[in-house]
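A structural walkthrough
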Amino acid sequence: MSAVATLPTVKATINGLVVEVPVGTSILDAARRAAVKIPTLCKHKDLLPTAACGLCVVRNKGGPRLLRACCTPLEAGMEIATHDNEIVEVRRSTLELILSNHPAECLTCGRNGECELQSIAADFNIRTDGIKRHVKEQPADRSTGSIILEFEKCIKCGRCLQVCQEMQDVWALSFLERGINTRMAPAGDIALAESPCVKCGQCSAHCPTGAIVENDETAAVWAALHDRDKVCVVQIAPSVRVTVGEAFGLPPGTNLTKKLYSALRRLGFHAVFDTNFSADVTIVEEATEFVQRFVHQRGPLPLITSCCPAWTDFMEKKHWDFIDNFSTAKSPQQMLGVLAKTYYAQQAGIDPAKLVVVSIMPCTAKKYELSRTEEMFASGFKDVDICLTTRELARMLKQSGIDFLALDDGAADSILGEYSGAGTIFGTTGGVMEAALRTAHHYATGQKLGQVEFAAVRGLDGVRTAVIDVGGAKVRVAVAHGLGHVSAVLEQVRQARREGKEPPYHFIEVMACPGGCIGGGGQPYGVDNERRRQRIAGLYQDDRDQAVRCSHENPEVVRLYRDFLGQPNGTKAHELLHTRYTARPLYKR
Amino acid sequence: MKPLTLDDLAALASRPAPVTTDFVRVQLDTGGIAAGAEETFAAFRSAVAAAALSTPVLRVGSHGRSWADPVVEVAAAGLPPVLYGGVKADVAPQIVAAHLQSGRLIDDHVIAPASGAAELAAPVTHLLVLDTGVGEAKTKFFQFSFVEELKRRGLADQIQVARALDLGVYDEGVVVTLLPAGVTYTNVLAPDVARIVEQSVQGRQVLDDLLWKRTDPQVRIVLRNCGSIDPESLPDYLERAHGYQGLRAALARTPEQVIEELKVSGLRGRGGAGFPTWLKWTNTRIQKSEPRCVICNGDEGDPGAFMDRSVLESDPHSVLEGLMIAGYAIGAAHGYFYIRAEYPKAVERVERALAQAREAGLLGRNILGTGFSFDAKIRLGAGAFVCGEETALIASIEGKRGSPSPRPPYPSVRGLWGRPTAINNVETLANVPAILLRGGAWYAGYGTETTKGTKVFAVTGKVKNAQLVEVPMGTTLRSIVFDVCGGVLEDKDIKAVQTGGPSGGVIPDKHLDTPVAYETLQQLGSIMGSGGMIVMDTTDSMVDVAKFFLKFCVDESCGKCAPCRIGGFQMLQILDRISRGRGAAEDIAALRRICQAMQKASLCGLGQTAPNPVLSTLRYFDEEYKAYIEGGPSYARKMARAAGGAEPARALAPATTEGA
């Protein structure tokens, strides 16, 4: 007898094919298993059906009306038809209605070639504007500098609302008005920058059209690269190496680190650095902080990671009672920037005023982080000048004439280029925790860690908790990703605070986006859990491939402290590598 | 009020309702108040006081004759109750002086629906005269003739001849009603005057050749108390309307038995879809999760419909009683009245009813010692038609944007706050106490094979007597329009009747003899809907009618799903073009195509049914569409002038419409 409980299933037919699926499976998903593709513009694998677009209608034999496949569970004995004449006609008319309410601006749209509406229109072989076009003019919202809302292109599928409200618990976006005047907008019809928006960009990653896009700053990078008075250097974030290939047709998780080095050098960057290096620096600072708080009781626990700017913004707006728990260490992006303009500039003999630091990030909130506080100008210069997302980089590469995939491998530049396995896993949920534990273990015990992998903090569950043995001491940790999962964890801590009890956790890692940075709002389109797993696997492989797997053992990091910074958390480190937080109002007016 | 016991209720049940012979009841619902009933009420109070009379002046709800507002019922001077219509404040003193003080009826205000009586048991006291033919020119002449005849026979002092306002008979020439019996003669000619006085008034013989034998098709179950009790008085409801006896009957049985009684009655949801009420209750009751909820849907919003408003304003306790029985049947301790905010009077009266019921121990814990606990709250709708849709209504109560959500899960499984929820329309609930009290079989005795009981219709448009009508299912549309409501305004020819509000369709003249039932109306391309019925005459343009209803749906679309949001809007653009004579031949095909997409792919009933007015006008009046398209702007102008409009319907706001 098998001890494994099997889910009850239902048997039915789809286009005459017998399918057996677990109870509760939607007709849409059941059809996929039978290799039947039912079109939809609103259902996203990450999200519950919104039932908005009306394209997924199917017929159950004998039923009085068509059913929406996205939100109707397959029932035993159903005889589903997905593509009969009437269904196809209804879908086509509905699609033409949607197109009639969408600007015909494909050629100049940010989603050109990657748009779900465009591709479905192509699939349906739409060749004329069957219904007179009506699009209400509405200026775009460019207030955040991270995300642009191009309202006219919105098809009201409702994905971004569900992402913003339920997945991320941010509640910046809502629907306003009704009928044909219905529009997606920041709640209360204010500017996005005045709203609770944390710039995570998940809305843009889930939008089927060009209605929500990153603020494209490639032009500024081209200008800097062509400016003879400037010296451009670049850094690539941990997760970008395993996602950028998707924009060139490679499977998710393909590690292109070395091709990226070559490509960036060909683009004209004077030096190519790796954010993984500064991730190692961040870990050295953060692990030191943790050991101080945990072992020496200097500072409140839990310590909470702060390298995700969307999370930081969210905390400052909604959970500012945790400001003192936040690690003051800057994020790797900012650390690399400030070190480039001080340490590297000195060593290379470059005037930091001429230095332009460009970062390639998975994230739209990273654009906001560049000028988040005055600490982001710690050296007297802006740590990082321009931040591009993975999607923008892919576009630059395509424009540049570089045959990216045919390039030979390259190398990063010293002295900000070498990285440990711990630095590379920053790009996944649980990675910062794992990296910090590797180094904290060393700092607390003085011993070299035998098994560096902490499986307990890995995976895609929204909240993962574990008790980790650090030299005999039990460290209680929690990892949350997707801002919607954060409140529950913080509430546990608050509860303990109110009751005067010990905190339930000593160390909490939060990443705003589901999956961490590999699922960031600036990554190539089409994210779902399957893709997240592949991307994460790519990073863990990169970790395993490294000879050095702990941040404090990265030789360039050791050199940095010896030659330039002094002690971790020391005076100079504090001056350049740390920041502060302030409570901010949810709404700015 | 002292908390009631089960024994108190039992005692009330066996006690006959007190007969009152001396009162002035002013019908104070929103319609009456708008017509000046508050002023009328005050005028009666002061006139009665000035005359030092003891007749109580009371407020009651409306029995539905909106066309005659303000309506007042008077019983005094030994006369049976007499209904007066059009009683503005200045008429009140006349009624007090004539009717209350000397037993005389005043001219031109009496409403005395023909009863079909065929016996003159008591001496005739009053003759009511009205010319129901075209022109109404002969009423005064016949009044004079009768008076002269009575004088000749020395009866003028004992018998009064008054001109009536309405005798419930239409297009039957001169009509004479003899009070107190109510015997009605129609098509009375001059030579008949002497005969009537001699044989009927003096001889108390009924003249068979003149006798009006037809009876009023109306049966008042839902409206049973409307206009006869004070909606703000619990004692009135208890003592004069068998109040809460239905609840008592329910509590004496098991919930399953209550549901069984509903099943026998055949009652189907009166909100429009006609889902069997017992099944809805069963589906909610069998859910394991608790607590469960019941909701009274009072978000009536069809243009021209005011049935629910009138019931809530005129008989709120009946609806509450129905809600409580529903709560008992499905095992819910929490109820909600979801009433649109545009109905402040209904809200006020339901609020008062709830407070009174709570005080009397009819709401709260362990009601009447039976172990059944129940309480109810009011939630206001914020002006969205779509919130009448169950899932949108639930979202609205929960404080969310009022948009429908996909089903399943059905509200009966996961409804308000995730709880199993039964949502019933006001009219459905108002039927429930009567069914429990008199039995499901009694109720099922009315109606047709598939559609039992009665239905309240709000008849408006080009009709003489715009009013509420309650008739057994199966009554024909023609009977409703002509027998009950007096036919078409200005005696024009009828073209069609629109039923079902914006989700319904038009039913042309040739189909007006269809008996009303859910299925029959559907076959004609319309629906029962909540009961709006709009009468159209031959000057009404069907393209404009379609445009009117579609415009309503376009304004009220929540915007959630693409087929409804964009489809409705695009259809309206096309209809607007056609109605201005700027349509093209291919527009009809485009309309049909969008109709199909909306019907098949919209998420909720609003979108699925919004094309109905267009489809049904295309079905029966497609030549009108063609005439507009072929005739061009000049034809459109001609049609507009014929309809009484100065100029053709102005173009809709251009494509960039602002919010409604």
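This structure is a prediction, so every number in the text was calculated from the model and none was measured. (Residues numbered from 1 in each chain as written. Chains lettered and ligands numbered in written order. Predicted model: local features only at pLDDT ≥ 70, side-chain atom pairs only at ≥ 80, totals over all residues. Heavy atoms only, no water.)

**A closer look at the overall build of chain A**
Counting secondary structure elements, chain A contains 18 helices and 17 strands. For chain A, whose C-alpha radius of gyration is 25 Å, the value lies close to the compact-globule estimate of 25 Å for 589 residues. Considered along the principal axes of its C-alpha atoms, chain A spans approximately 75 × 65 × 50 Å. Residues counted as buried form 61% of the 589 residues belonging to chain A. Counted over contacts in chain A with a minimum sequence separation of 6, partners at least 24 positions apart contribute 73%. As presented, chain A carries roughly 22,200 Å² of accessible surface, and 51% of it is formed by carbon and sulfur atoms. Positive and negative side-chain charges of chain A, numbering 68 and 67 respectively, have mean locations separated by a distance of 2 Å. (Helix = DSSP H or I, 4+ residues; strand = E, 2+ residues; numbered from the N terminus. Rg over C-alpha atoms; globule rule 2.2 N^0.38 Å. Buried < 20%, exposed > 50% of the residue type's maximum accessible area, 1.4 Å probe, protein only. Contact = heavy atoms within 4.5 Å. Areas by Shrake-Rupley, 256 points an atom, 1.4 Å probe, with all protein chains shown as cover. Lys, Arg positive; Asp, Glu negative; His and termini not counted. Charge placed at Lys NZ, Arg CZ, Asp CG, Glu CD.)

**Considering the overall build of chain B**
Along the backbone of chain B there are 23 helices and 19 strands. For chain B, whose C-alpha radius of gyration is 26 Å, the value lies close to the compact-globule estimate of 26 Å for 660 residues. Judged by the C-alpha coordinates and their principal axes, chain B covers about 80 × 75 × 45 Å. Contacts spanning at least 24 positions in sequence make up 72% of the contacts within chain B whose residues lie at least 6 apart. Separation of charge centres in chain B, based on 69 positive and 72 negative side chains, amounts to 5 Å.

**Some points on the interface of chain B and chain A**
Accessible area lost on assembly of the parts is the figure often given for the size of an interface. Each partner contributes to the interface: chain B provides 35 residues, whereas chain A provides 36 residues. For the pair chain B and chain A, the summed buried area comes to about 3,000 Å², and 54% of that belongs to carbon and sulfur atoms. Looking at the side of chain B facing chain A, the largest losses of area belong to Arg565, Arg593 and Lys600 of chain B, adding up to 20% of the total buried there. At the surface where chain B touches chain A, the tally comes to three salt bridges. Across the pair Arg593 of chain B and Glu96 of chain A runs a salt bridge, and its minimum N-O distance is 2.9 Å. Taken together, the links from chain B to chain A amount to 16 residue pairs in polar contact (both at pLDDT 80 or more). Mapped by element, the contributors of at least two residues to the side of chain B that touches chain A are helix 19 (542–556), helix 20 (562–579) and helix 21 (586–601) of chain B. The element contributing the most residues to the side of chain B that touches chain A is helix 20 of chain B, with seven residues. (Buried area = accessible area lost by both parts, 1.4 Å probe. Salt bridge = Lys/Arg side-chain N within 4 Å of Asp/Glu carboxyl O. Polar contact = N/O pair within 3.5 Å; in protein donor to acceptor, adjacent residues only side chain to side chain.)

**Quick notes on the domain arrangement of chain B**
Residue and element names in this part refer to chain B. Here chain B is described as being made up of domain 1 (15–107), domain 2 (114–215), domain 3 (234–444) and domain 4 (454–660). When each unit is reduced to the centre of its C-alpha atoms, the spacing between domain 2 and domain 4 is 42 Å. Residue-level contacts link five residues of domain 2 with seven residues of domain 4. Both sides of the domain 2 and domain 4 interface together cover about 400 Å² of buried area, and 42% of this is carbon and sulfur. Among the residues of domain 2 in contact with domain 4, Val134, Tyr170 and Arg214 are the three that bury the most area, contributing 78% of the side total. Taken together, domain 2 and domain 4 are joined by one salt bridge. The tally of links from domain 2 across to domain 4 stands at two residue pairs in polar contact (both at pLDDT 80 or more). Of the residues belonging to the side of domain 2 that touches domain 4, the class tally is two nonpolar, one polar and two charged. (Domains from an automatic or database assignment. Nonpolar A, V, L, I, M, F, W, Y, C, P; charged D, E, K, R; others polar.)

**Regarding the side chain of Glu556 of chain B**
Within the element layout of this structure, Glu556 of chain B appears in helix 19. The residues touching Glu556 of chain B, leaving out its near neighbours within four places in the chain, are Arg178 of chain A together with Gly383, Ala384, Phe385, Val386 and Leu606 of chain B.

**Side note on helix 2 (residues 85–100) of chain A**
Compared with an ideal rise of 1.5 Å per residue, which puts 16 residues at 22 Å, helix 2 of chain A spans 22 Å between its outermost C-alpha atoms and is within 8% of the ideal. Regarding helix 2 of chain A, the residues found buried are Ile87, Val90, Arg91, Ser93, Thr94, Leu95, Glu96, Leu97, Ile98, Leu99 and Ser100 of chain A. Contacts made by the buried residues of helix 2 of chain A are with strand 3 (57–60), strand 5 (79–81) and helix 3 (116–123) of chain A together with helix 20 and helix 21 of chain B. The opening residue of helix 2 of chain A is Asp84 of chain A, an N-cap whose side-chain oxygen sits 3.2 Å from the backbone nitrogen of Glu86 of chain A. (Expected span 1.5 Å × (residues − 1).)

**Considering the sheet that holds strand 18 (residues 505–508) of chain B**
Residues and elements named next belong to chain B. Ordered in space as 16-15-19-17-18, the five strands form an open sheet in which the pairing is mixed. The open sheet has two free edges, formed respectively by strand 16 (467–472) and strand 18, since each of these has just one partner strand. Each neighbouring strand pair of the sheet contributes to a mean axis angle of 30°, computed without reference to strand direction. Bridging between strand 15 (residues 454–461) and strand 16 involves six bridges; their strand directions are antiparallel. Residue pairing for strand 16: Val456 is matched across the bridge by Glu470. Contacting strand 15, strand 16 and strand 19 (532–537), helix 11 (residues 307–314) runs over the sheet at an angle of about 115° to strand 15. Against the sheet, helix 23 (residues 612–642) touches strand 17 (494–499) and strand 18, its axis set at about 35° to strand 18. (Pairing = 2+ DSSP bridges. Axes fitted to C-alpha atoms, helices over the stretch in contact; angles between N-to-C directions.)

**Quick word on the pairing of strand 18 of chain B**
Two faces make up the sheet, and in a regular strand the side chains alternate between them. Residue and element names in this part refer to chain B. In terms of strand pairing, strand 17 meets strand 18 through four bridges, oriented antiparallel. Its bridge partner being in strand 18, Gln498 is matched across the sheet by Val506. Remark: five residues form the turn of the hairpin made by strand 17 and strand 18, two consecutive strands paired antiparallel; Gly500 in that turn has positive phi of roughly 85°.

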